[in-house]
Amino acid sequence: MSHDPVYVTRPFLPPLEELIPDFSNIWETRVLTNSGPYHMALEKALAEYLEVEYVSLFCNATIALVTALQALNVKGEVITTPYSFVATSHSLLWNNIQPVFADIDPVSLNLDPDAIERAITERTTAIMPVHCYGVPCDTDAIQKIADKYKLHVIYDAAHAFGVKRASGNLFAAGDISVLSFHATKVFNTLEGGAIICRTPEMKRHIDHLKNFGFVDEVTVVEAGINGKMNEIQAAIGLHQLNYLEEALCRRRLIDTQYRQAFSKVEGVTCMAVCNESISNCAYFPVLIHDNYPVTRDALYALLREHNIFARRYFFPLISDFDMYRHLPSANPANLPVAGQIASKVLCLPIYPELSDEDLQRIITLVQNPSGEKK
Ligand SMILES: *Cc1c(COP(=O)(O)O)cnc(C)c1O
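Residues numbered from 1 in each chain as written. Predicted model: local features only at pLDDT ≥ 70, side-chain atom pairs only at ≥ 80, totals over all residues. Heavy atoms only, no water.

A. Representation of unusual backbone geometry in the model. Residue Tyr313 is joined to Phe314 through a cis peptide bond whose omega torsion reads 5°. Relative to the assigned elements, Phe314 resides in the loop between strand 15 (308-309) and helix 10 (336-344). Cis geometry is adopted by the peptide bond preceding Pro316, which originates at Phe315 and carries an omega value of -5°. Along the chain, the position of Pro316 falls in the loop between strand 15 and helix 10. Unusually for a residue other than glycine, Asn96 sits at a positive phi of about 55°. Relative to the elements of secondary structure, Asn96 occurs in the loop between helix 4 (87-93) and strand 4 (98-101). Judged by relative accessible area, Asn96 falls into the exposed class, the value being 73%. (Helix = DSSP H or I, 4+ residues; strand = E, 2+ residues; numbered from the N terminus. Buried < 20%, exposed > 50% of the residue type's maximum accessible area, 1.4 Å probe, protein only.)

Next up, the structure:
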């Protein structure tokens, strides 16, 4: 029996007929971009949903990260995690900043605050942590270090949309947080992203930077970029918000079923359940240990044979890519935990429309990779 391919994620979209009136309106008015009404409405709706004051929409999170570093005038060295999507470090290179990789914590898989502190030099100006898989970083410990050494903190919060934390708003941590609304993320505008900042002055600055540096028709104050989100994306985002709770519920149900199914499987561990926050279940990473019947890569290949495309996020580590491995901090001896995790991790499919049947097929394969009758 052959099945349709199951990918690690499948972007959620609202019903098309719901979008048509808004698309018609955009066709009618010819307001396609440049902070139009949908853009303004989405900024407002997101600020409310995220319970923050200042949101600036962007065309994607990578340009938003690059812009965030510009807005804070970050230079020199920035301490960051090797266990992330490559855009995190790339945003530093685009600003001629040297990434300094620090190791991660084996439970949260986020930057280990002690490792951050050990990596600080005279040239360090900022920390760029990632809330990996939506698991909140230890923001208090990171802020303490930042205050002690007078460093900026820019959170790559690309995985964290929809995460709620009991001990204060996650997006209020640090100087800036950057969200991604890419197709593969929990909340998508096809492509898109946003910067969350703390002051009206900073938002104004960021809004200039994303619009070529224009302040008014005849005044350009800095070398800005074109980071604007267009009206179609913003309109889609407004509709997506209406389905978010439903989508998160379905994700959490799948997460629970995976956890129950794997609790008795030797050699497979799931991420710890964090009692401090409500997860967005953006990803379902498992670690495949030596006492599992087959290797991580053999399980990955087995799933592929069944048309199930799990992903080894984040293998290879950013620090293992050719363009980064020459950096002193990229030495594997400096990053033992990240190296271990990258060799064991496998992200299983999780998305609102994942069918019960496909979910069960994945579970059965992971439970019994040798295919023996039980
Ligand atoms: C997706 C992602 C990005 C990049 O987001 P885009 O919107 O695709 O530019 C950056 N960092 C992390 C951790 C991501 O997962």
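From this point on, the discussion continues.
B. Structural detail: the pairing of strand 3 (residues 77-80). Of the two faces of strand 3, the one lined by Glu77 and Ile79 and the one lined by Val78 and Thr80 are each fully buried. For the crossover that starts at strand 3, traverses helix 4 and ends in the parallel strand 4, the hand is right-handed. Pairing analysis gives four bridges linking strand 3 to strand 5 (residues 124-128), with the strands arranged parallel. Looking across to strand 5, one finds that Val78 is bridged to Ala126. (Right-handed = clockwise from strand over helix to strand, strands pointing away. Pairing = 2+ DSSP bridges.)

C. Molecular detail of the site of the ligand. Looking at the ligand, there are 14 residues lining it, with Thr62, Asp156, His159, Ser180 and Lys185 nearest. Within the side chain of Ser180, a nitrogen or oxygen atom sits 2.8 Å from an oxygen atom of the ligand. Expressed as a share of its isolated accessible area of 380 Å², the protein-covered part of the ligand is 93%. If you list the elements that add at least two residues to the shell around the ligand, you get helix 3 (61-71) and helix 4. (Near = heavy atom within 4 Å. Polar contact = N/O pair within 3.5 Å; in protein donor to acceptor, adjacent residues only side chain to side chain. Areas by Shrake-Rupley, 256 points an atom, 1.4 Å probe, with all protein chains shown as cover.)

D. Region of interest: the side chain of Arg165. Along the polypeptide, Arg165 turns up in strand 7 (residues 164-165). No salt bridge is formed by the buried Arg165. Its closest oppositely charged neighbour is Asp140, at 5.8 Å. Separated by 2.8 Å, the side chains of Arg165 and Thr139 make a polar contact. Beyond its immediate stretch of four places on either side in the chain, Arg165 contacts Pro136, Cys137, Thr139, Leu170, Glu276 and Ser277. (Lys, Arg positive; Asp, Glu negative; His and termini not counted. Salt bridge = Lys/Arg side-chain N within 4 Å of Asp/Glu carboxyl O. Contact = heavy atoms within 4.5 Å.)

E. Seen up close, the pattern of salt bridges. Evaluated as defined, the whole model comprises 14 salt bridges. For the salt bridge of Lys203 with Glu43, the shortest nitrogen-to-oxygen distance reads 3.0 Å. Separated by 160 residues along the polypeptide, Lys203 in helix 7 (residues 200-209) and Glu43 in helix 2 (residues 37-50) bring together distant segments of the chain. Assigned by exposure class, Lys203 and Glu43 land together as buried. We note a salt bridge from Glu43 to Lys210, for which the minimum N-O separation is 3.7 Å. Note that Glu43 is positioned in helix 2 and Lys210 in the loop between helix 7 and strand 10 (214-216), a separation of 167 residues in sequence. Of the residues examined, Glu43 reaches a relative accessible area of 10% and is grouped as buried. Several salt bridges converge on common partners, so that one network encompasses Glu43, Lys203, Asp207 and Lys210.

F. Layout of a nonpolar patch on the surface. On the surface, Leu93, Phe321 and Met323 cluster together to form a nonpolar patch covering roughly 240 Å² of accessible area. Relative to the helices and strands, Phe321 resides in the loop between strand 15 and helix 10. (Patch = residues over 30% accessible without salt bridge, like charges linked within 9 Å, V, L, I, M, F, W, Y side chains within 5 Å.)

G. Broad picture of helix 11 (residues 356-367). For helix 11, which comprises twelve residues, the first-to-last C-alpha distance of 16 Å matches the rise-based estimate of 16 Å (1.5 Å per residue) to within 8%. Of all the positions in helix 11, only Asp358, Leu359, Arg361, Ile362, Ile363, Leu365 and Val366 are classed as buried. Tucked into the core, helix 11 has its buried residues touching strand 1 (6-7), helix 8 (231-262), strand 12 (268-270), helix 9 (296-305), strand 15 and strand 16 (345-348). (Expected span 1.5 Å × (residues − 1).)

Scope: geometric values only; no functional claims are made or implied.
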